[in-house]
Amino acid sequence: MSGFTARADAALADRLLKVAVERTAGTAEAKRAVAVHAFPDFEQARDRAAAIKDHVVANLGHYLTQFESSAIAAGAKVHWAQTADEACRIVVDICKAANAKTVARSKSMLGEEIGLPHALAEAGIGRVETDLAEHIIQLADERPSHIIWPAMHKTREQVSALFHAKHRQPHSEESIAAMAESARRELRSQMLGADVGISGANFLIADTGAICTVTNEGNAELSLVPPRVHIVTAGIEKIVPSMGHAIHMLRMLARSATGAALTQYTTFYAGPKRPGDRDGPEEMHIVLVDNGRTKMREEGLAEMLRCIRCGACMNHCVVFRQIGGHAYGGTYPGPMGAVLTPALDGLRASRDLPNACTLNGKCQEVCPVRIPLPTLLRGWREKSWREGLEPVTMRQGVGLWAWVAQRPRLYRLVTGMAVAGLRILGNRGWIARLPLGGGWTRYRDMPRPAGSTFMTQYRKEQRK
Amino acid sequence: MVQPAPSRPASRRVALFVTCLVDLMRPRIGFAAIRALEAAGCEVVVPDGQTCCGQPALNSGDRDHAVAIAKRTIGILEGYDHVVIPSGSCAGTIRCHYPEILADDAHWLPRAQAVAERTWEIMAFLHEVCGWRPEDAHCKASATYHDSCSALRELGVKAQPRRLLKSVEGLSLTPLAGEESCCGFGGTFCVKYPAISNAIVGEKAAAIEATGAELLLAGDLGCLMNMAGKLHREGSKVRAFHAIELIAGMGDGPAIGEDA
């Protein structure tokens, strides 16, 4: 049994997980549908969003250079990281140079991707996760299970118990408001006492050198403005040419993610505190991270670089809805994760992900930037097949079927025998146990075939 | 993808590609297809040598075999006005994926495209190309309809089966909650990841039961076997048919899993 299958089985056995995932994803699905319906022409807006990203990805060098000079002009320092390790090293070095004891971190999947929480711990730097769900994850010592709602796998009842166990002054009344208040009491002083604030970026604006964050809690603003230093880690594909483009992408992002027209907080940060400013960090550092992205562009995954991390694909995925995010085993779960994880962690370790998909196409249908996710997943399957990573039984089974399917006379013989064999196994129309087909009959019955194949019956009729 | 408007309204010579599952498991669907197509004024040919469209190889990543099967299938299906298939996923394979996997082959690509352009899911074909509707089909029953994913998303099959079913006398259609949600079949997916597939089809079966309908209808035998197999295992009384069986007036026969 593969690691994936074992994790998926454990997830399927966890009824609370199912409740938790269904609550959040179900609500998101319903709200997105309403928001998309109310949008003047969402299909056209998707076309435009995809075109913006394609243009940027095709001209990445140009826009990144422009962004770098704009950001420098705004007073920020720009760093380039080829790999995850390099990115972490740059961040840790900046923290050390700032003599930082603690950092306040605003939720960032890129940070998770490069292993920043771990790198900070290794360096002995305290970390406060300021996003409510990330706070929950930090208390529970877990990893995010969704790119928008990292603690999606937990029910509110589980979160309540966790707060009671870990908070200094936990809530006394069982309500969401009281729980949020408990988190606020716990977090606020830690946030304001941090030496460095670390965030990701939803967008990098090439012509102004600004970065954009979106949150619904205002935690990014509170963890990035008061500290002396603000560090941004962002994937290089996050770039857009201008503010106008960013606004278009924001409209797509919020609606696709939660069904809201806009997030509660949408903030653009251009450079550190300027002379005369009343507040803001003294230093702003932007770490631009490649970590395999240019390779993805060269190796047929350019369309994946359109992704704006909205999570709609996973919210609408029948597989994700059953197993949640942790079962995928990578930083990114769901359909987009099944495309990204083989690129980030290697196909050998993650070949299950592109396979554990019914290719139903729903993810592509809801993707705000029209990423052809099923096509990309099929591409990984082909690579896995070529490289001999697929199980021998599958290779032989499909290979044999394909060989026979090219020899019609043999095919008629084999299908005729198969029908006869299946009929022996059946009882009153149904087969309850199928040799070699246990995967099917463990959970469902197999209808017994009719007396002979269509081709046999048809030819017989033709001869009459 | 929305299929283009009819190009040739005159007498139609149609190749029926029955699909491997119908050939093996439920020939009635093939005969229902012939009956409906003939009623719609088509001359139906069942080309010799047809086997499987190659979808299992394509979706498993076995590109070489998928290409080999695509080429021989194209060879068999060339030369007809239309190719009609009682399955959205097989029609989608020929229509959408053959041109994709042969895109780099200057000789085969035009042939793949020519066949692809003429290939139709049967209910879309009957409704859009033939402008036909059943006239003497009867089935006094309540039914619910599941949209198979490939038909829905690759071929834009949504209204066509419902319009045709509306003309089946005595049949009432009840909407299925989550009718556009995958049933968890996914070809080899259901045997590669049986536990996940089971969880998905379990929810689907519950949604079908909740409609209170007597019949489950769909346009793809793979999905139907998955859903009907789960319903039967759970002791449900819901009977499953391919929609074309009712449309062709064959709704009085045995349902999936009922011995004739």
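Residues numbered from 1 in each chain as written. Chains lettered and ligands numbered in written order. Predicted model: local features only at pLDDT ≥ 70, side-chain atom pairs only at ≥ 80, totals over all residues.

**Regarding the overall build of chain B**
- What chain B contains, in helices and strands, is 13 helices and eight strands.
- By principal-axis analysis of the C-alpha atoms, chain B measures approximately 50 × 45 × 30 Å.
- Within chain B, the fraction of its 260 residues that count as buried is 63%.
- Sequence-distant contacts, at least 24 apart, represent 78% of the contacts inside chain B between residues at least 6 apart. (Helix = DSSP H or I, 4+ residues; strand = E, 2+ residues; numbered from the N terminus. Buried ≥ 20, exposed ≤ 12 C-beta atoms within 10 Å, placed from the backbone. Contact = placed C-beta atoms within 7 Å.)

**A look at the domain arrangement of chain B**
Residues and elements named next belong to chain B.
- Each domain of chain B was delimited in the assignment, giving domain 1 (12–128) and domain 2 (134–247).
- Taken together, the contacts link 28 residues of domain 1 with 22 residues of domain 2.
- Contributions of two or more residues to the side of domain 1 that touches domain 2 are made by helix H1 (20–25), helix H2 (27–39), helix H3 (55–60), helix H5 (88–101) and helix H7 (122–129).
- Among the residues making up the side of domain 1 that touches domain 2, the classes are represented as 15 nonpolar, eight polar and five charged. (Domains from an automatic or database assignment. Nonpolar A, V, L, I, M, F, W, Y, C, P; charged D, E, K, R; others polar.)

**Description of the domain arrangement of chain A**
- The domain boundaries assigned to chain A delineate domain 1 (3–294) and domain 2 (392–463).
- Taking the mean C-alpha position of each, domain 1 of chain A and domain 2 of chain A sit 52 Å from one another.

**Details of the environment of A:Ala98**
Residues and elements named next belong to chain A.
- Examined against the element boundaries, Ala-98 turns out to sit in the loop between helix H5 (84–97) and strand E2 (102–105).
- Along the primary structure Ala-98 and Ala-11 are separated by 87 residues, whereas in three dimensions their C-alpha atoms are 43 Å apart.
- Aside from chain neighbours lying at most four places away, what touches Ala-98 is Asp-195, Val-196, Arg-228 and Val-229.

**Focus: the interface of chain A and chain B**
- The interface is formed by 53 residues belonging to chain A together with 56 residues belonging to chain B.
- By residue number, the principal contributor to the side of chain A that touches chain B is helix H21 (residues 392–405) of chain A, which donates six residues.
- Within the side of chain A that touches chain B, the residues separate by chemical class into 27 nonpolar, 14 polar and twelve charged.

**Section: helix H4 (residues 63–77) of chain B**
- Look at H4(B): 21 Å from first C-alpha to last across 15 residues, which is about the 21 Å you get at 1.5 Å a residue.
- Three or more residues of H4(B) are buried, namely B:His65, B:Ala66, B:Ile69, B:Ala70, B:Lys71, B:Thr73, B:Ile74 and B:Leu77.
- Of the surrounding secondary structure, the elements contacted by the buried residues of H4(B) are H21 of chain A together with strand E1 (12–16), H3, strand E3 (82–85), H5 and helix H6 (108–118) of chain B.
- With its phi angle positive at about 90°, B:Gly79 sits one or two positions after the end of H4(B). (Expected span 1.5 Å × (residues − 1).)

**As for the sheet that holds strand E2 (residues 42–45) of chain B**
All names here are of chain B.
- Spatially, the four strands line up as an open sheet ordered E2-E1-E3-E4, and their pairing is parallel. The sheet is open, and its two edges are formed by E2 and strand E4 (119–121), each paired on a single side. Recorded for the sheet is a direction-independent mean angle of 35° between the axes of neighbouring strands.
- Of the pairings in the sheet, the one linking E1 to E3 comprises three bridges and is parallel in character. When the sheet's bridge partners are listed, Ala-15 is paired in E3 with Val-83.
- Strands E1, E2 and E3 of the sheet are contacted by H2, whose axis makes an angle of about 150° with E2.
- Each of E3 and E4 is contacted by H7, which is oriented at about 100° to E4, the strand it contacts most. (Pairing = 2+ DSSP bridges. Axes fitted to C-alpha atoms, helices over the stretch in contact; angles between N-to-C directions.)

**Concerning the sheet that holds strand E6 (residues 211–215) of chain A**
Residue and element names in this part refer to chain A.
- Spatially, the four strands line up as an open sheet ordered E8-E5-E6-E9, and their pairing is mixed. One side of each edge strand has no neighbouring strand; the edge strands of this open sheet are strand E8 (239–240) and strand E9 (265–269).
- Here E6 runs beside E9; their pairing, made up of five bridges, is antiparallel. Residue Thr-213 lies in a different strand from E9, and its bridge partner there is Thr-267.
- Of the strands in this sheet, strand E5 (203–205), E6, E8 and E9 are in contact with helix H12 (residues 243–257), which crosses E5 at around 165°.

**Quick look at the packing of helix H16 (residues 334–345) of chain A against helix H20 (residues 373–386) of chain A**
Residue and element names in this part refer to chain A.
- Following both chains from N to C, one finds H16 and H20 inclined at 35°, their axes separated by 10 Å at the closest point. The element H16 and its partner H20 pack so that their crossing is left-handed. Contacts between H16 and H20 pair Pro-335, Met-336, Ala-338, Val-339 and Pro-342 from the former with Leu-373, Leu-376, Leu-377 and Trp-380 from the latter.
- The residue makeup of the contact of H16 with H20, split by class, is nine nonpolar, no polar and no charged. (Left-handed = near helix turned anticlockwise from the far one by under 90°.)

**Quick notes on the nonpolar core**
- Ranked by internal contacts, the top residues of the largest apolar core, which has 225 residues, are A:Met249, B:Val83, B:Met227, B:Ile244, B:Leu246 and B:Ile247.
- What B:Ile247 contacts, discounting residues up to four positions off in sequence, is B:Ala36, B:Pro134, B:Ala137, B:Leu164, B:Leu165 and B:Val168. (Core = buried A, V, L, I, M, F, W, Y, C linked by C-beta atoms within 7 Å.)

**Considering the pairing of E6(A)**
All names here are of chain A.
- With four of five residues buried, E6 is to be regarded as a mostly interior element.
- In terms of strand pairing, E5 meets E6 through two bridges, oriented antiparallel. If you follow Leu-204 over to E6, its bridge partner there is Ile-211.
- The loop that links E5 with its antiparallel partner E6 comprises five residues; one of these, Gly-209, has a positive phi angle of about 75°.

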